[in-house]
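Understanding the architecture of this molecule
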Amino acid sequence: MYPSLLNERRITRRGLVGIRRITPLFSLLFVAGGALWLVANDRLGGQLVGIAIACGVNAVVQASLWFRAVAAEAGGNAIWIAGVALPANVLAVIVLILPWTTPAITMIAMTCGLILGNAGLLIFMALRRVGNPVLDSVPDPTEAPGASLWFLSLASISFLGQTVLQSLAVLLPASSITLLNVAYKIVGSVSATFVNAVMPVIVHQRTDSSRSARQFLRIVTVAVATAGTLLVFAVWVIRPDLLVPSVVIAIWLTASAAAAVAGRMSFRFLAPHASIRTIGVVVTVVTLAAFSSGHPDFSLIVLLCAYAAMDGAAAMLLLWPLKDRLMSVVLAGEIVCICAIWASNYV
């Protein structure tokens, strides 16, 4: 939805209505499918039914909430998308403080806290008509064939690629999985803090130049590279045995931030079929990672390299047609380093 609102070949009113209806429905169906799977394996009994029902309700409410937040984001208002999960998470944590009798009841109470937080914010946003100006400006004519399908394909394949990489982590020792999750959280939080909360203000429907976004990318790159260098130094002092993973994470930090900026720039300034660049990168990297997982020397370093390579290569290939050749070359250098570390793991 977000890139379809940003791109020149914008989604139509009919397409938005479809997203508004289908997304909550699919969310509910996926929860129901999970519940049915548990029923088929005799694992959905007693209080777990309450968890399934609460999750289904929350999925529907949350989908509607994100619809409005994304619409506001496309219009240049980043406040709502930046804090979309805050009320729900605060209420859920407050609920968890209370002494519930069983883990299942605790889960039900926590999910009800999520429902109340999401529903409250959704009502508030509806009263404030958040996102309405963007939704009302959507054109009525039939959209260009295949425009939105490119973005849907990109989102779907990227999600599947991330899922496959996460699944490969089960081949690692428990300690390595913990380190991978910590690294994933660090990179994700940095990208969300420095990019996702700022880029909607810089690149939105009314943006006609990528100059500000390119300048922002350089600022973010310097800031994140500095943080990555400090991370490597701290690890070298405290845990020198983790020096190589820390170097990969530092590179991944820069690559992830660049990928987030480049992705949003491409939504606005490139044709929808430019998504094939990122799709090709995801398929290639995930395939190589899956192939590498069959080797006895498969390790945490390989998965970290796969994540970094996926973000770095996607950013490099998008920034070149966006005429940011300098950053594209810098990322190419990072990819060479990542490939060298990846290959050295098997030497």
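Below is a short write-up of the structure.

**Observations concerning helix α11 (residues 211–238)**
Taking 1.5 Å per residue, 28 residues should reach 40 Å; α11 reaches 41 Å between its end C-alpha atoms and fits that length. Along α11, the residues that are buried comprise Ala213, Phe216, Leu217, Val220, Thr221, Val224, Gly228, Val232 and Val235. Buried residues in α11 make contact with α9 (174–196), α10 (199–202), α12 (243–269), α14 (300–319) and α15 (325–344).

**Focus on the environment of Trp100**
Inspection of the secondary structure assignment puts Trp100 in the loop between α5 (86–97) and α6 (103–127). For Trp100, a relative accessible area of 36% translates into the label partly exposed. Trp100 sits 90 residues away from Arg10 along the chain, and the two C-alpha atoms are 49 Å apart. Residue contacts for Trp100: discarding those within four places in its chain leaves Val95, Ile105, Thr106 and Ala109.

**Here we look at the layout of surface pockets**
Of the pockets and cavities examined, the second largest pocket occupies roughly 190 Å³. Looking at the second largest pocket, the residues that line it are Leu179, Val182, Ala183, Ile186, Leu231, Val235, Leu242, Pro245, Ser246, Ile249, Leu300 and Leu304. Elements with a minimum of two residues in the lining of the second largest pocket: α9, α11, α12 and α14. Counting residues per element, the lining of the second largest pocket draws most heavily on α9, at 4 residues.

About the cut-offs
- Residues numbered from 1 in each chain as written.
- Predicted model: local features only at pLDDT ≥ 70, side-chain atom pairs only at ≥ 80, totals over all residues.
- Heavy atoms only, no water.
- Helix = DSSP H or I, 4+ residues; strand = E, 2+ residues; numbered from the N terminus.
- Expected span 1.5 Å × (residues − 1).
- Buried < 20%, exposed > 50% of the residue type's maximum accessible area, 1.4 Å probe, protein only.
- Contact = heavy atoms within 4.5 Å.
- 1 Å grid on protein atoms, 1.4 Å probe; cavity = no way out; pocket = protein on both sides within 12 Å on 5 of 7 lines; lining within 4 Å.
- Points joined across faces, edges and corners; volume = space filled by probe spheres on them.

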